[in-house]
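Chain by chain, the residues:
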Amino acid sequence: MGKGTFTSGTWEEKSDEISFADFKFSVTHHYLVQESTDKEGKDELLEDAIPQSMQDLLCMNNDFPPRAHCLVRWYGLREFVVIAPAAHSDAVLSESKCNLLLSSVSIALGNTGCQVPLFVQIHHKWRRMYVGECQGPGVRTDFEMVHLRKVPNQYTHLSGLLDIFKSKIGCPLTPLPPVSIAIRFTYVLQDWQQYFWPQQPPDIDALVGGEVGGLEFGKLPFGACEDPISELHLATTWPHLTEGIIVDNDVYSDLDPIQAPHWSVRVRKADNPQCLLGDFVTEFFKICRRKESTDEILGRSTFEEEGREIADITHALSKLTEPAPVPIHKLSVSNMVHSAKKKIRKHRGIEESPLNSDVLNTILLFLFPDAASEKPLDGTTSTDSNNPPSEIEDYTLYNQFKSAPSDSLTYKLALCLCMINFYHGGLKGVAHLWQEFVLEMRFRWENNFLIPGLASGPPDLRCCLLHQKLQMLNCCVERKKARDEGKKTSTSDNVINTYPGDAGKAGNHLGPDNLKDTDKEKGEVGKSWDSWSDSEEEFFECLSDTEELKGNGQESGKKGGPKEMANLKPEGRLLQHGKLTLLHNGEPLYIPVTQEPAPMTEDLLEEQSEVLAKLGTSAEGAHLRARMQSACLLSDMESFKAANPGCFLEDFVRWYSPRDYIEEEVIDEKGNVVLRGELSARMKIPSNMWVEAWETAKPIPARRQRRLFDDTREAEKVLHYLAIQKPADLARHLLPCVIHAAVLKIKEEESLENISSVKKIIKQIISHSSKVLHFPNPEDKKLEEIIHQIINVEATIARARSLKAKFGTEKCEQEEEKEDLERFVSCLLEQPEVLVTGAGRGHAGRIIHKLFVNAQRLTESSDEAAAMAPPEEEVKRMGSPEERRQNSLSDFPPPAGRELILRTSVPRPAPYSKALPQRMYSVLTKEDFRLAGAFSSDTSFF
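Residues numbered from 1 in each chain as written. Predicted model: local features only at pLDDT ≥ 70, side-chain atom pairs only at ≥ 80, totals over all residues. Heavy atoms only, no water.

A cluster of nonpolar side chains, V247, V251 and Y252, forms an exposed patch at the surface whose accessible area comes to about 310 Å². By secondary structure assignment, the location of V247 is in the loop between strand 8 (229-242) and strand 9 (262-269). On the accessibility criterion, V247 (36% relative accessible area) is partly exposed. (Patch = residues over 30% accessible without salt bridge, like charges linked within 9 Å, V, L, I, M, F, W, Y side chains within 5 Å. Areas by Shrake-Rupley, 256 points an atom, 1.4 Å probe, with all protein chains shown as cover. Salt bridge = Lys/Arg side-chain N within 4 Å of Asp/Glu carboxyl O. Helix = DSSP H or I, 4+ residues; strand = E, 2+ residues; numbered from the N terminus. Buried < 20%, exposed > 50% of the residue type's maximum accessible area, 1.4 Å probe, protein only.)

Structure, rendered in structure tokens:
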């Protein structure tokens, strides 16, 4: 069998349950999956061939496998069956029961001709005691075991164990055939004191200090707070020794670890090391399970006292919109908030405030950098949002996680709340910052200041709902500003963006269905119930225009005749269309100024789709649904009529949906080829939505139409939504941002270490997270799995750094040695056991030796200076082979484990019997001594 097959190969097992005398046993078949060759098949047929398991007893290629079943390590078997009590608490304790089972096993093997070793587990399970048997044609192997707590002195060395082995074999031959010996001593290094753990905890005071500034709040901490590597196990192995070559008794030993031909190392990882990033995310996730509201956390009584004087903020709008004129300044919400804040301070006292004012100011400046100047900036985007980071893949992660862009206000808010929850006041601090944030949002709405760190335009449905709400508030501020200034902002862009049909006429020619869908996405579907219904919430931009409206548009609209409409004065024209003219009078066709469709967040879209679904499938319901969805279309028709007096539906369709106007070349009466056009089939359907809307549309320019998007109402809805969010709701909204930030952090840290296994795990985390976070209200269990994966990656990277620090990879001057060391450290992380090239004489071996030397000095001497001895001394100590030989035994602690395998092949029970394999394995630790023997005998004549 090839070297290392037991470790690299695949082990499988099959289990079943049997009852024997009312006692349940589990039978488990363990075997190494391997490709069988024809040659092996022929060998099995030979009459005198001994079973494969007996041959494996002498195989030396797989001694001391690092990861295998204990019976594989003790006997070197590739296939075996174990019979053990089914219940964990049951055990075969009496000798008579044990003998009964063994005799039954022996009979079963004889009857079936099975050549696979069969073991029975006896005594308590923690002792791992097995006895067994293997039968072949004329041969049998008995597997026996001794397990003691205290080892007899004569068996602590090789010579004593050889005596046991020889006496057990009882070979009649003299001289005895040579015994092959394999020895492994394991040394444990636990004391890393001379190498301080490189992870520095974050400086909490510096977070608010002038030196670091608020930027520190945009970063997540990383690394383990304790050394994630607890122990280093060095196994020194002598794989092929024979009796007489080496001396190892209670007086003297030739077994010098430095001289061992094979060294292998494994590291023991600390169990669940405390990691900063993992703690940050875990603590933030715990907020999701809290039930308290912000008011309950911060104290509600402060507001109740003034409840009579000051109405609830959510009712402020209803007072503003009452018919009677009300002086706005008296009901200003900011005045109410200001007096409420004074009350809070009076009751709570500034020193009792959850957040220190310095911390709060630093965070607010970090979130709202425009607040540092006299007047907040008008720009809606942060400085970075127009230039995404070079790692486009990383920047667009928010699409997959449904979080927010990494340079947005929402993302920064998530990081700040995470930091506050961990370092500055926990849940109370989170509630306090959120309260301040909501007050800032209201202040910006009232004073027409745009919110920084948000991309302009309608809410991005790829982001989390909170981010959409903030974008919606920004849309409201933009519309309000534009209205207050008496003009629309970037009108030309609006037309191009809103009506791709115009661009289609110019050359793109979008299909009618496609165009209609686009329009619906941008406005028609995006209409709330209230904006089309005839409620009292009609807002005209200018009261003086209403009289003009009556005299100009509405009367003519009622008559509906194109001739009367042609006499109207055109209004609300944006620009002349390049090619088109009106079909009936040849006048140039003008593109009108139109209203922008209402932006929608995903919860509003969902709410609206529910309303539409509830209308049912009846004719009346379908008509009502069509009317709701055509509010934007009706508005555009009215604007078009105002801009183009005397126009017809065909003119509107040619501009708005060019593919719905079909032109054909026909020959007229005079024989000339002319273009003749007509509406498409869907436009000719009787009582279709377009015809109905056209007939009811009046020539009213956009500036005098009722607003499609009521920014005042929508802004108040958003502010109310923000105000009622509990910290738990807030944490759930922002958790995708926190996970997004954590993934970016581990990607950044991994790129410094370049660990291939971690790269794969990070891809798995991203894939898993994108599936979990894309759906609303993901399960807590799945979120915990993601956080656990992040913690594991952080711990792995911390282990890599710990090992690199201990092995001094950065200090290597020779490039080749540095590469070898880095490869060695990488293997230590990923493999159960790593062979040290060159054993004690190689570069890695010398470093390991030095680690043990320094640990021994700390143990032997109380003088701490001895631990920090200059490296030159160590080189001198390790200089000549003679000196090294004398001192190396004291360089290492006593071995934590001694393992020996003794093998030979002798005839048993008589001198003329067939020579069969004999094997004994011994392991000696501080509290455990075990002998596992496999002794074969010829049964042909016995």
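With that settled, consider the pattern of salt bridges. Using the criterion set out here, one finds 38 salt bridges in the structure. Put simply, K166 and E243 hold a salt bridge, and the shortest N to O gap is 2.3 Å. Of this pair, K166 sits in helix 6 (residues 158-169) while E243 sits in the loop between strand 8 and strand 9, and the two are 77 residues apart along the sequence. With a closest N to O distance of 3.0 Å, R707 and D711 form a salt bridge. For the pair R707 and D711, a shared accessibility class is recorded, and that class is buried.

Below, the discussion takes up helix 31 (residues 756-773). Helix length check: helix 31 (18 residues) gives 26 Å between terminal C-alpha atoms against 26 Å at 1.5 Å per residue, within 8%. For helix 31, the complete set of buried residues consists of V758, I762, I765, I766, S769, S770, V772 and L773. Buried residues in helix 31, looked at end-on, bunch into an arc of 165°, giving them a common side. Across from the buried face of helix 31, at angles greater than 90 degrees, the exposed residues are K760, K763 and K771. Where helix 31 is buried, its residues meet helix 14 (397-401), helix 30 (727-753) and helix 32 (780-807). (Expected span 1.5 Å × (residues − 1). Arc of directions from axis to C-beta. Contact = heavy atoms within 4.5 Å.)

Our next topic: the packing of helix 26 (residues 631-643) against helix 27 (residues 649-656). Between helix 26 and helix 27, whose axes approach to 11 Å, the crossing angle comes to 115°. One way to sum up the angle between helix 26 and helix 27 is to call them roughly perpendicular. Helix 26 and helix 27 meet at a crossing whose hand is right-handed. Along the contact surface, helix 26 presents L633, D636, M637 and F640, while helix 27 presents L649, D651, F652, W655 and Y656. A class-by-class count of the residues in the contact of helix 26 with helix 27 yields seven nonpolar, no polar and two charged. (Axes fitted to C-alpha atoms, helices over the stretch in contact; angles between N-to-C directions. Parallel < 35°, antiparallel > 145°, perpendicular 65-115°, else oblique. Left-handed = near helix turned anticlockwise from the far one by under 90°. Nonpolar A, V, L, I, M, F, W, Y, C, P; charged D, E, K, R; others polar.)

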